[in-house]
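Structural overview
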Amino acid sequence: MRIFAFLFVLTTVLITGCSPMNTDRLSQQDPTLKIEEFFDGKVYAWGIFEDRFGNLRRQFQVEIDGDWDGQRLVLDEKFLYSDGERDTRVWTIVPKGEGEYEGRAGDIIGTAQGYSEGNRLNWRYRMELKVGDGSWKVSFDDWMYLQPGNVLVNRAGVNKWGVQLGVVTLFFMRAEQLKEAPFAL
């Protein structure tokens, strides 16, 4: 009987621990996130990648030039990693109405899907991620939250075959919020 009780508690913890975070009550918080407004112009970001054990694996900076033309948002992203590696990505994002977005980029497999409500955006996509001399097909589940002071916090789970490889955490600030550019890429 004790073994059954232990297994029941363990199963309950594992199931609820792996369930997606319920953020419904948080979604109505201010300020309201409109990515086409936040990313229109120059934006800077600082990020880290932690493996599934919480070990810091990579740090990076991103310089983003965004252009919203009233119908589509183009994000030209330039990355600089702490080991000196550089990378670029160009997103084209289109609002589909009712808080829904679709996006494409060169290393994205298919179409990225996003849904925005209140101060948050959930962005899901598959990516061909460079790893050493090859690449892996991985899934991203991004959650972005606009904070008071116009700081955007992004936390993304990175998965392969349903197993979490790690978490990417980013902080974004618009250029006009800074006295000077923190870096140039």
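Let us look at the structure shown here. (Residues numbered from 1 in each chain as written. Predicted model: local features only at pLDDT ≥ 70, side-chain atom pairs only at ≥ 80, totals over all residues. Heavy atoms only, no water.)

**Overview of the overall build of the protein**
Per the secondary structure count, the protein includes 2 helices and 10 strands. Listing every helix and strand of the protein by position from the N terminus yields α-α-β-β-β-β-β-β-β-β-β-β. For the protein, with 185 residues in total, the buried portion stands at 34%. Taking the intrachain contacts of the protein between residues at least 6 apart in sequence as the baseline, contacts between residues at least 24 apart amount to 38%. Put simply, the protein shows about 11,400 Å² of open surface, and 55% of that area lies on carbon and sulfur atoms. (Helix = DSSP H or I, 4+ residues; strand = E, 2+ residues; numbered from the N terminus. Buried < 20%, exposed > 50% of the residue type's maximum accessible area, 1.4 Å probe, protein only. Contact = heavy atoms within 4.5 Å. Areas by Shrake-Rupley, 256 points an atom, 1.4 Å probe, with all protein chains shown as cover.)

**Points about the nonpolar core**
The nonpolar side chains of a soluble globular protein tend to be buried with one another. Residues F39, W91 and F172 are the most contacted members of the largest nonpolar core, which totals 33 residues. Contact partners of F39, with chain neighbours within four places excluded, come to I64, G66, D67, L73, L75, L152, F172 and R174. (Core = buried A, V, L, I, M, F, W, Y, C linked by side-chain atoms within 4.5 Å.)

**Considerations on the sheet that holds strand 10 (residues 163-174)**
Here we have 10 strands rolled up into a closed barrel, ordered 1-2-3-4-5-6-7-8-9-10, and antiparallel in their pairing. Across this sheet, the average inter-strand angle for adjacent strands is 25°, counted without regard to direction. One ladder, built from 4 bridges, connects strand 5 (residues 100-104) with strand 6 (residues 108-117); its direction is antiparallel. Residue pairing across strands places Y101 opposite G114, the latter belonging to strand 6. (Pairing = 2+ DSSP bridges. Axes fitted to C-alpha atoms, helices over the stretch in contact; angles between N-to-C directions.)

**A word on the pairing of strand 3 (residues 73-81)**
Each regular strand displays side chains that alternate between the two surfaces of the sheet. Inspection of the sheet shows strand 2 (residues 56-68) paired to strand 3 by 9 bridges, in the antiparallel sense. Considered in strand 3, the bridge of I64 is made with E77. Once strand 2 ends, the chain turns through 4 residues before running back antiparallel as strand 3, passing G70 with a positive phi of about 95°. Here 8 bridges tie strand 3 to strand 4 (residues 86-97), and the two strands are oriented antiparallel to one another. Bridge pairing in strand 4 links F79 to D87. Between the end of strand 3 and the start of strand 4, which pair antiparallel, lie 4 residues, with G84 showing a positive phi angle near 95°.

**Overview of the pairing of strand 5**
Going residue by residue along strand 5, you find Y101 and G103 tucked away on one face and E100, E102 and R104 left uncovered on the opposite face. Relative to strand 5, strand 4 runs antiparallel, the two being bridged by 5 bridges. Within strand 5, the position partnered with V94 by the bridge is E102. Adjacent in sequence and paired antiparallel, strand 5 and strand 6 are bridged by 3 residues.

**Looking at unusual backbone geometry**
At E98, a residue that is not glycine, the phi angle is positive and equals roughly 55°. Residue placement: E98 occurs in the loop between strand 4 and strand 5. Look at E98 and you get exposed, because its relative accessible area is 75%. At W161, a position not held by glycine, the phi torsion is positive, near 55°. With respect to the helices, strands and loops of the structure, W161 is situated in the loop between strand 9 (151-160) and strand 10.

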